[in-house]
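Examining the three-dimensional arrangement
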Amino acid sequence: MGKNSLIGGSIWEEYSQKVQDRMNNPKHMGEFNEEDAKARNAKLIVADFGAESCGDAVRLYWLVDEKTDTIIDAKFKSFGCGTAIASSDTMVELCIGKKVDEAVKITNLDVEFAMRDNPETPAVPPQKMHCSVMAYDVIKQAAAQYKGVNPEDFEDQIIVCECARVSLGTIKEVIKLNDLHSVEEITQFTKAGAFCKSCVKPGGHESREYYLVDILAQTRAEMEKEKLQGNLKNDISFNDMTVVKQLKAVETVLDSEIRPMLHGDGGDLEVIDIQKSENATIDVYIRYLGACSGCSSGSGSTLYAIENILQEELSPNIRVLPV
């Protein structure tokens, strides 16, 4: 299967060498039958999963030692492009030698990461990422069949995009792993939001609990917070920062920890000023906005919560004062 028959030469270089090798020479493509299982004293499991959104499908074969619940061998058949073949081959390799309960924990990201030549560079170009996201579903089908339960019994993640079956955890991990900055990039990497688009933002044909725009904003805030905490550990303390840096640090914590809570009630806040008093107290002056504008009492529970979080995250010397 030559590269010219799979993709245009312009993006060939965006595939990792591992993906290219598995496209042309998959190690685990094939099938098992009952005779194979009997010869190896194993139980044969055959599971199918098809991604209707892109037309790819995979059939997974397991030989399971019932005494230990261990997958002693596995193969696959893939009905899809070269990327789907490479990812299915990698997925099968990750299954072999694991107990069934361990295999269920294999995620689509585990498969993609295993195909990378180095940890920092994605294994496939963004527009082909959706071809490598069937692993979790077909493994879940196989495990459910072996254990005699419903596949949904293994579902412990919140599904954000029903069309592409992309979970909240996957979206957040992809954002962090690839340093994504836009919803369009999320869609490129995961296919979440590429189809009915209801999960992109409010106002689609059906309401959702989670939207990509909110997940992106929250995850980016978490990333900034983690970066800030690293800087605080390895750099100067909050008390010794310039006012500009203190303001940025406060805004980062507000975005990550406080504003989502206020937005849920239709409110918000803005930082008016930061001043250091003579007794080393750092006063953060805030103004409530929206539905919170009537809550600007110095003794309010919201004010206490804001002050407590800023003290825990940045400095015990912080005092929050509403204006």
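Coordinates for the structure precede this section.
This report concerns the structure included in the present document. (Residues numbered from 1 in each chain as written. Predicted model: local features only at pLDDT ≥ 70, side-chain atom pairs only at ≥ 80, totals over all residues. Heavy atoms only, no water.)

Overview of the overall build of the protein chain
Note the threshold: Helix numbers and strand numbers start at the N terminus; a helix is a DSSP run of H or I with at least 4 residues, a strand a run of E with at least 2. Any residue under 20% of the maximum accessible area for its type is buried, any over 50% is exposed, and the rest in between are partly exposed; the area is computed with a 1.4 Å probe on protein chains only.
Helix and strand content of the protein chain: 12 helices and 8 strands. Taking all 323 residues of the protein chain together, the buried fraction comes to 45%.

What to know about the pattern of salt bridges
Opposite charge on two side chains permits them to pair, given that their charged atoms come into close proximity. Using the following cut-off: One side-chain nitrogen of Lys or Arg within 4 Å of one carboxyl oxygen of Asp or Glu is enough to make a salt bridge.
Counted under the stated rule, the structure contains 19 salt bridges. Each of Arg22, Lys27, Asp89 and Glu93 takes part in one network of salt bridges that share partners.

Section: the nonpolar core
The condition is simple: In this text, buried Ala, Val, Leu, Ile, Met, Phe, Trp, Tyr and Cys residues form a nonpolar core when linked through side-chain atoms within 4.5 Å. Residues count as neighbours in contact if any of their non-hydrogen atoms are within 4.5 Å of one another.
Core analysis: the largest hydrophobic core is formed by 35 residues, its most contacted members being Val19, Leu60, Trp62, Ile71, Met91, Val138 and Ile139. Every element with two or more residues in this core is listed here: α2 (17-24), β1 (43-51), β2 (56-65), β3 (70-79), α4 (82-95), α5 (100-103) and α7 (135-147). If near-sequence neighbours (up to four positions away) are discounted, Trp62 is found in contact with Lys43, Leu44, Ile45, Ile71, Asp73, Ala74, Cys95, Val100, Ala103, Ile139, Ala142 and Ala143. In terms of nonpolar packing, the next biggest core, distinct from the first, is built from 23 residues, Phe238, Val253, Ile258 and Ile309 among them.

Brief notes about the sheet that holds strand β8 (residues 318-322)
Rule in force here: Strand pairing follows a simple DSSP-based rule, namely that at least 2 bridges must link the two strands. To define axes, lines are fitted to C-alpha atoms, for helices over the stretch in contact only, and angles between the resulting N-to-C directions are given on a 0 to 180 degree scale.
Spatial ordering of the open sheet is given by β6-β7-β8, a layout of 3 strands whose pairing is mixed. Looking at strand neighbours, the two that pair on one side only are β6 (267-276) and β8, the edges of this open sheet. In this sheet, adjacent strand axes meet at a mean angle of 30° when their direction is disregarded. Of the pairings in the sheet, the one linking strand β7 (residues 282-290) to β8 comprises 5 bridges and is parallel in character. Residue pairing across strands places Ile282 opposite Ile318, the latter belonging to β8. Of the strands in this sheet, β6 and β7 are in contact with helix α11 (residues 243-263), which crosses β6 at around 155°. The strands touched by helix α12 (residues 301-313) are β6, β7 and β8; relative to β8, the strand with the most contacts, the crossing angle is about 150°.

Things to note about the pairing of β2
When you tally the buried positions in β2, you get 7 out of 10 residues, the bulk of the element. Connecting the antiparallel pair β2 and β3 is a turn made up of 4 residues, with Asp69 showing a positive phi of about 60°.

Things to note about the side chain of Thr187
Which entries qualify depends on this criterion: Two N or O atoms count as a polar contact when they lie within 3.5 Å, although within protein this holds only if one can serve as hydrogen donor and the other as acceptor, and sequence-adjacent residues are included solely when both atoms are side-chain atoms.
Within the secondary structure layout, Thr187 lies in helix α9 (residues 183-190). With relative accessibility at 17%, the residue Thr187 sits in the buried group. Here the side chain of Thr187 touches Ala192 through a polar contact of 2.9 Å, landing on its backbone oxygen. In this structure, Thr187 is in contact with Ala192, Gly193, Ala194 and Leu212, ignoring residues within four places of it in sequence.

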